[in-house]
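Listed below, chain by chain, are the residues.
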Amino acid sequence: MFVVGIVGAGFGYKFVYNKPHRDYEKAKSDFSISGRELFLQFRNSTPQAGEKYTGKVLEITGQLSSVETPDSLTIAVFKLDEGMFGDEGIRCSMLPNHAANIAQFVGGEVKLKGYCTGYNETDVIMEKCSITN
């Protein structure tokens, strides 16, 4: 019984815990959509948009409003509306190798690809984003 437990733990470590992470920069997009359309779909029908886009790799296009750098993160911000508590839109956490280049697109069109984690009632959240244009 002890030997079976040790072998099971070894397999668990090798195939589950030590599993390689998905490369979102090279991943194929599940959807290509404008940032404004994505935001409006989440705002107007959150459950349906969440079911369709959450957990998927999206390629979004839009005008980049600003770049925020809290701590070691770089977040690209698409401001699409002014809400009661401030700007609303899409927030994209950039991959480290794309973080330095995103600032050059502020005020202009940019196409980003990343993993959509959902909507928090003010912003669509995307992670592991890369510049594709």
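These remarks concern the structure in this document. What you see is a predicted model, and the numbers here were worked out from it, not measured in a lab.

1. Considerations on the environment of Phe31
Stage number 1. By the secondary structure assignment, Phe31 is in strand β1 (residues 31-34).
Stage number 2. With relative accessibility at 27%, the residue Phe31 sits in the partly exposed group.
Stage number 3. Between the alpha carbons of Phe31 and Thr61 there is a distance of 11 Å; along the sequence they are 30 residues apart.
Stage number 4. If near-sequence neighbours (up to four positions away) are discounted, Phe31 is found in contact with Lys52, Tyr53, Lys56, Val57, Leu58 and Glu59.

2. Focus: the packing of aromatic side chains
Stage number 1. Under the defined criterion, the tally for this structure stands at 3 aromatic pairs.
Stage number 2. Put simply, the rings of Phe31, Phe42, Tyr53 and Tyr119 touch in pairs and so form one group of aromatic residues.

3. Some details on the side chain of Glu88
Stage number 1. Along the chain, Glu88 falls in strand β5 (residues 86-94).
Stage number 2. Overall, the relative accessible area of 10% leaves Glu88 in the buried class.
Stage number 3. A polar contact of 2.2 Å, which involves the side chain of Glu88, links it to the side chain of Arg43.
Stage number 4. In contact with Glu88, other than residues within four places in its own chain, are Phe39, Arg43, Phe78, Lys79, Leu80, Asp81, Gly83, Thr122 and Asp123.

Calculation notes
- Residues numbered from 1 in each chain as written.
- Predicted model: local features only at pLDDT ≥ 70, side-chain atom pairs only at ≥ 80, totals over all residues.
- Heavy atoms only, no water.
- Helix = DSSP H or I, 4+ residues; strand = E, 2+ residues; numbered from the N terminus.
- Buried < 20%, exposed > 50% of the residue type's maximum accessible area, 1.4 Å probe, protein only.
- Contact = heavy atoms within 4.5 Å.
- Phe/Tyr/Trp six-rings, centres within 6.5 Å; stacked < 30°, edge-to-face > 60°.
- Polar contact = N/O pair within 3.5 Å; in protein donor to acceptor, adjacent residues only side chain to side chain.

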